[in-house]
Amino acid sequence: MTRESPADDLRLADLTKRFGVFTAVDDLSLTVPQGSFFALLGASGCGKTTTLRMIAGLEQPTGGQVLLGDRDITGLRPHKRPVNTVFQSYALFPHLDIHENVAFGLRRRGIRKVGDQVERMLALVQLQGYGRRRPAQLSGGQQQRVALARALINHPQVLLLDEPLGALDLKLRRQMQVELKRIQAEVGITFVHVTHDQEEAMTMADTVAVMNAGRIEQLGAPAEIYEYPATAFVANFLGQSNLLTAEAGGRAGDDVRVTAHGTRFSVPAGRARLVDGPALLGVRPEKLHLADGVDRVPAGHQHVGGVVTDASYVGVSTQYLVRTAWGAELSAFAANSGVAAPLAPGTAVTAHWDPRHAFLLPRAGADERTEGRLGQPPVGALP
Amino acid sequence: MTALAHLPTSTRPPAPPPVRRGRHRLLPYLLLLPGAAWLLVFFALPLLQLAAASLYDPAGSLSTGYAMTWAVGNYPDAVQAYWPQFSRSFLYAGIALVIALLMGYPLAYAIAQKAGRWKHLLLVAVVAPMFTSFLVRTLAWKTILSDSGALVGLLRDVHLLGPDGRLLATPAAVVLGLTYNFLPFLVLPLYASLERLDPRLLEAASDLYASPLRAFARVTLPLSLPGLTAGTLLFFIPATGDYINAELLGTPNEYMVGNVIDSAFLVRLDYPQGAALSFLLMAAILAIVFVYLRKAGTEEVL
């Protein structure tokens, strides 16, 4: 992350947007450092696009401020903001050719000699020679790159990307993710990228903000959020998590004691968001290992017994569902590295994990619902 | 109105006909047959007849019969006698078109982009006057503009009109009548174009530093050009040939070429002159349409 002039950070301060009684964005505050690749991640309807539109000026906030450095741009009309957007639908001008589409922003600012800049920008997005074509004559991926070139050519202080890869097929999407990252590193402009695809957010962004119901649930580097989620929502939205209903029972040295379904576990204090009270004990499926007996569990690992109910072979790994004695289903991913033999459904196994990979989250009423995300019955409801 | 059927209102290029064998190859022509036969019998043949009549000996009459003398002189004679009515036609239709554009574009834009759930009601309101006869509507204008009417009274009270000023039987009345009667022909095609305008394109334009005025000039206007072209032609062509408005709302001083043709055929029974005037009007309109379409170049839009 380059921070030559931190004064040009994008800051949102207590930003709120209400549509009638519905609050789309709820008192949002965050800082996007200049030159960083920032992703707003959330399910549809979580307010991420509304946030983006308020930064672009296409939507007026109900309250709060949008600041660029020390400059308050909240009341500025979109065409006066040093911010450009790559729209989800691309919104290319159908009556103009690619050259004129890309030159549009420059021309509106009264720049006459645009030819060289447009050529350079088309080269950057690898569309040399397409200048005289119409948008309708290009494929989706090419149109996406035109939309990007059309925004980037203006050298905005902030580039907003509203699910720009949503309309592309998987392979093209992966390709464009790498491409976008390359371009961002090349031009050094702040990118704010809105997406509902957690993999896309993690691949591309330096910083990810997970949004839910108009608020930011967690903000940080992708690895940081993935390894130690702050809430059950984040734990399940960013990848999958096995969450066991548990009770935290105070500290014991560097650990927090946890009881779940009559069994005692522990979590390092540095990975526990609470010390006492209702909690969720979480383990990522790829960190949950399966052994054929308690005696095979490595020293220091914690474990629960269960029966394999389903095995899905997905190439790089095999995904198992393990039903515990109390009826919860845990998910475990085993890498297909050719070391362990596949387990057939019905096999009795012991699921074990290193406590350093577990995490402990507070359990509120709302979190009970997110527990069902893996398709398990809510653990707390069972004996 | 037949010429209007050839307007390039469709924006899609014609698809190449698929290669078929035998009977199927004839199908498109069979489908063309009824319309083509109709046009031949009721448009092409009468047109030829009219062309022939325009070259009859002007000395003939209905009772004595006309002789075909290739009297090309009918054309310069007609122009010489009626050029004021001719130019008045284009002047009045042109002024009416400008007024209609100033009213119709914002109206079509508002209905297409801003009306929300009122859209269909407003469209009906635009079309509703057509449910009554053209003649009745123009007669109603006669009442509205009459010397003892409320409108003239109001204009006199605010001194926009002199104490004995009037609206009826003035050029203004004719132009207003033309504007009113043909406005829907302008608004409907414009509406159809503007309705397809993606508002996200305007957002993109404003995101790319275009002020609202620039966004209109660079995005909205070019994208509404097909509707604008069709609408102006649908307005201008019948307005130029109209004679009802001049007859009911004007005086002989406001007569347009349509009135002259009307009287040539029905009052003076001078068929050669009426036919020559009709052909001149048609030629003038065709020339204008040709030049206009060349400039507007609708097929390049969208």
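In this text, all values refer to a predicted model and were calculated from it rather than measured experimentally.

Participant: Where do I start with helix H5 (residues 170-187) of chain A in this structure?
Facilitator: Residues lying three or four places apart along an α-helix face the same way, a consequence of the helix completing one turn every 3.6 residues. All names here are of chain A. The first and last C-alpha atoms of H5 sit 26 Å apart over 18 residues, in line with the 26 Å expected at 1.5 Å per residue. Every buried residue of H5 is listed here: Arg 173, Met 176, Gln 177, Glu 179, Leu 180, Ile 183 and Gln 184. Those residues of H5 that are buried are in contact with strand E3 (37-41), helix H3 (115-124), helix H4 (140-152), strand E7 (158-162), strand E8 (190-195) and helix H6 (198-204). Just downstream of H5, Gly 188 is the residue with a positive phi angle, here 65 degrees.

Participant: What am I meant to see in the packing of helix H7 (residues 199-207) of chain B against helix H8 (residues 212-223) of chain B here?
Facilitator: Packed helix pairs are characterised by how far apart their axes lie and by the angle those axes make with each other. Residues and elements named next belong to chain B. Packing of H7 against H8 leaves a shortest axis separation of 10 Å and a crossing angle of 155 degrees. Considering their axes alone, H7 and H8 lie roughly antiparallel with respect to each other. In this structure, the crossing between H7 and H8 has a hand that is right-handed. Contacts between H7 and H8 involve Leu 201, Leu 202 and Ala 205 from the former and Ala 215, Val 219, Thr 220 and Leu 223 from the latter.

Participant: Sorry if this is basic, but what is going on with the interface of chain A and chain B here?
Facilitator: It is common to report an interface's size as the accessible area lost on association of the parts. If you look at the interface, chain A gives 26 residues, while chain B gives 19 residues. In total, about 2,100 Å² of surface goes out of reach between chain A and chain B, with carbon and sulfur atoms giving 60% of it. The three residues of chain A that bury the most area against chain B are His79(A), His95(A) and Arg108(A), which together make up 32% of that side's buried surface. Glu203(B) is the salt-bridge partner of Arg53(A), the closest N and O atoms lying 2.6 Å from each other. The interface formed by chain A and chain B holds seven residue pairs in polar contact (both at pLDDT 80 or more) in total. Among the elements of the structure, helix H1 (48-56), strand E6 (83-86) and helix H2 (98-108) of chain A are those that each provide at least two residues to the side of chain A that touches chain B. When residues in the side of chain A that touches chain B are grouped by element, the largest group, four residues, is from H2(A). Among the residues forming the side of chain A that touches chain B, the class breakdown is 11 nonpolar, seven polar and eight charged.

Participant: Is there a simple way to think about the packing of aromatic side chains in this case?
Facilitator: Two descriptors summarise a pair of aromatic rings, namely the distance from one centre to the other and the angle between the planes of the rings. Under the counting rule described, the total for this entry stands at 15 aromatic pairs over all chains. By the ring-pair criterion, three or more aromatic residues cluster together here, those being Tyr56(B), Tyr66(B), Phe265(B) and Tyr271(B). Against the face of Phe104(A) rests Arg108(A), its NZ or CZ located 4.6 Å from the ring centre. Its end group placed over the ring of Phe93(A), Arg150(A) keeps NZ or CZ at 4.9 Å from the ring centre.

Thresholds applied
- Going along each chain's sequence as written, the residues are numbered from 1 onward.
- Here chains are named by letter from A upward and ligands by number from 1 upward, in the order in which they appear as written.
- Only residues with pLDDT of at least 70 are given local features in this predicted model, and only at 80 or more are side-chain atom pairs given and counted; all residues enter the totals for whole chains, interfaces and linings.
- As a convention, hydrogens and water are excluded, and side-chain values are obtained from all of the structure's heavy atoms.
- A helix here means a DSSP run of H or I that spans at least four residues, while a strand means a run of E at least two residues long, and both kinds are numbered starting from the N terminus.
- Here the expected length of a helix is defined as 1.5 Å per residue gap, with one fewer gap than residues.
- Note on exposure labels: buried denotes an accessible area under 20% of the residue type's maximum, exposed denotes more than 50%, and partly exposed covers the range between, all computed with a 1.4 Å probe on protein chains only.
- A contact between two residues is defined here by any heavy atoms of the two lying within 4.5 Å.
- To obtain each axis, a line is fitted to C-alpha atoms, and for helices this fit is confined to the stretch in contact; angles are then taken between N-to-C directions over 0 to 180 degrees.
- Roughly parallel refers to an angle under 35 degrees, roughly antiparallel to one over 145, roughly perpendicular to one between 65 and 115, and oblique to any angle outside these ranges.
- In this scheme the handedness of a crossing depends on how the near helix is turned from the far one: anticlockwise by less than a right angle means left-handed, clockwise means right-handed.
- Two parts lose some accessible area (1.4 Å probe) when they are put together, and adding that loss for both gives the buried area.
- Note on definitions: salt bridges are taken to be side-chain nitrogens of Lys or Arg within 4 Å of carboxyl oxygens of Asp or Glu.
- Here a polar contact is recorded for every N or O atom pair within 3.5 Å, except that within protein the pair must consist of a potential hydrogen donor and a potential acceptor, and residues adjacent in sequence are included only if both atoms are side-chain atoms.
- All amino acids are sorted into three groups, where Ala, Val, Leu, Ile, Met, Phe, Trp, Tyr, Cys and Pro are nonpolar, Asp, Glu, Lys and Arg are charged, and the leftover types, Gly among them, are polar.
- Aromatic rings from Phe, Tyr and Trp, taking only the six-membered ring of Trp, are treated as a pair when their centres fall within 6.5 Å; an angle between ring planes under 30 degrees marks them as stacked, one over 60 as edge-to-face, and anything in between as tilted.
- Charge-over-ring contacts are defined here by two conditions on Lys NZ or Arg CZ: a distance within 6 Å of the ring centre and an angle within 35 degrees of the ring normal.

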